[in-house]
Amino acid sequence: MNPYLAGFFLGFVLLTTIYVTGRGLGASGAIKSFVVQTVETVAPEHAATTDYYITQKQNNPGGPLKSWLVFEVIGVVIGAFLSAVMSNRVAVKIEKGPGVRNGVRIAAAIFGGALFGFGSQLARGCTSGAALSGMAVMSFGGIITMMAIFGMAYAMAWFFRKLWINKGN
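Fair warning: this is a prediction, and the values are worked out from it, not measured in the lab.

Along the protein chain, the regular secondary structure elements total 8 helices and 0 strands. The N-to-C order of helical and strand elements in the protein chain reads α-α-α-α-α-α-α-α. Counting only residues that meet the buried cut, the protein chain has 19% of its 169 residues in that class. As displayed, the protein chain offers around 12600 Å² of accessible surface, 70% of which is attributable to carbon and sulfur atoms.

A few words on the environment of V36. Inspection of the secondary structure assignment puts V36 in helix α2 (residues 28-42). For V36, a relative accessible area of 1% corresponds to the buried category.

Checked against the element boundaries, K66 lands in the loop between α4 (51-59) and α5 (68-86). K66 gets classed as exposed once you look at its relative accessible area, which sits at 62%. In this structure, the C-alpha to C-alpha distance between K66 and G119, residues 53 residues apart in sequence, is 24 Å.

The next point concerns helix α1 (residues 3-21). Taking 1.5 Å of rise per residue, the 19 residues of α1 would be expected to cover 27 Å, and the 26 Å separating its terminal C-alpha atoms lies within 8% of that figure. Between the side-chain oxygen of the N-cap and the backbone nitrogen of Y4 there are 2.7 Å, and the N-cap of α1 in question is N2. G22 sits one or two positions beyond α1 and adopts a positive phi of about 80 degrees.

Within the fold, E40 resides in helix α2. At 4.6 Å, K57 is the nearest oppositely charged side chain to E40, a buried residue that forms no salt bridge. Ignoring sequence-local partners within four residues, the contact set of E40 consists of A47, Y53, K57 and P64.

The subject of this paragraph is the pattern of salt bridges. Inspection of the entire model under this criterion finds 1 salt bridge. A salt bridge links K93 to E95; the nearest nitrogen and oxygen atoms lie 3.3 Å apart.

Mapped onto the elements of the fold, V35 is located in helix α2. For V35, a relative accessible area of 44% translates into the label partly exposed. A C-alpha to C-alpha distance of 26 Å links V35 and G142, two positions 107 residues apart in sequence.

Tallying each qualifying case throughout the model produces 3 aromatic pairs. Ring geometry for Y52 and Y53: centres 5.4 Å apart, planes at 80 degrees, overall edge-to-face.

On to the packing of α2 against α5, then. Contact geometry of α2 with α5 gives a least axis separation of 8 Å together with a crossing angle of 110 degrees. The orientation of α2 relative to α5 falls into the category roughly perpendicular. For the element pair α2 and α5, the recorded crossing hand is left-handed. Touching G29, A30, S33 and F34 of α2 are L69, V70 and V73, all from α5. Here the residues of the contact of α2 with α5 are counted per class, giving 5 nonpolar, 2 polar and no charged.

Analysis parameters
Residues numbered from 1 in each chain as written. Predicted model: local features only at pLDDT ≥ 70, side-chain atom pairs only at ≥ 80, totals over all residues. Heavy atoms only, no water. Helix = DSSP H or I, 4+ residues; strand = E, 2+ residues; numbered from the N terminus. Buried < 20%, exposed > 50% of the residue type's maximum accessible area, 1.4 Å probe, protein only. Areas by Shrake-Rupley, 256 points an atom, 1.4 Å probe, with all protein chains shown as cover. Expected span 1.5 Å × (residues − 1). Polar contact = N/O pair within 3.5 Å; in protein donor to acceptor, adjacent residues only side chain to side chain. Lys, Arg positive; Asp, Glu negative; His and termini not counted. Salt bridge = Lys/Arg side-chain N within 4 Å of Asp/Glu carboxyl O. Contact = heavy atoms within 4.5 Å. Phe/Tyr/Trp six-rings, centres within 6.5 Å; stacked < 30°, edge-to-face > 60°. Axes fitted to C-alpha atoms, helices over the stretch in contact; angles between N-to-C directions. Parallel < 35°, antiparallel > 145°, perpendicular 65-115°, else oblique. Left-handed = near helix turned anticlockwise from the far one by under 90°. Nonpolar A, V, L, I, M, F, W, Y, C, P; charged D, E, K, R; others polar.

Here it is as structure tokens:
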């Protein structure tokens, strides 16, 4: 899809989400709900005596998996799959530059994902919650977050660009 059109649709979805739920978009809360449910299932004694899990249970009386964020992420996964089907892009493949081995790419993706998850918990939310939703309501923190995300990506691109450039050219 054209990135400008996709951005317009993302903004419309964000606006609708704020109007309907009173909150913006976010994904890390859904992962947190899965973790809470896992702990409650595997170690119920621990969940029953730890303040964090007790608070989560009080905030989600129907269970952590009934959180709207869980349904949001499920919808994103289904929507991404349907989009891939409609554009004939359903395939199992590893996107990487010509000078990168599969194992290195997979290890880097896992390491980066773990850093993202850790950072989202330190920041009390992921980039979609902090940057997109924050900017949608003109939050100073959201604007600073978006500037930091794009600024850091731009600064780091120089160091990692050689991994994606075809060395034959």
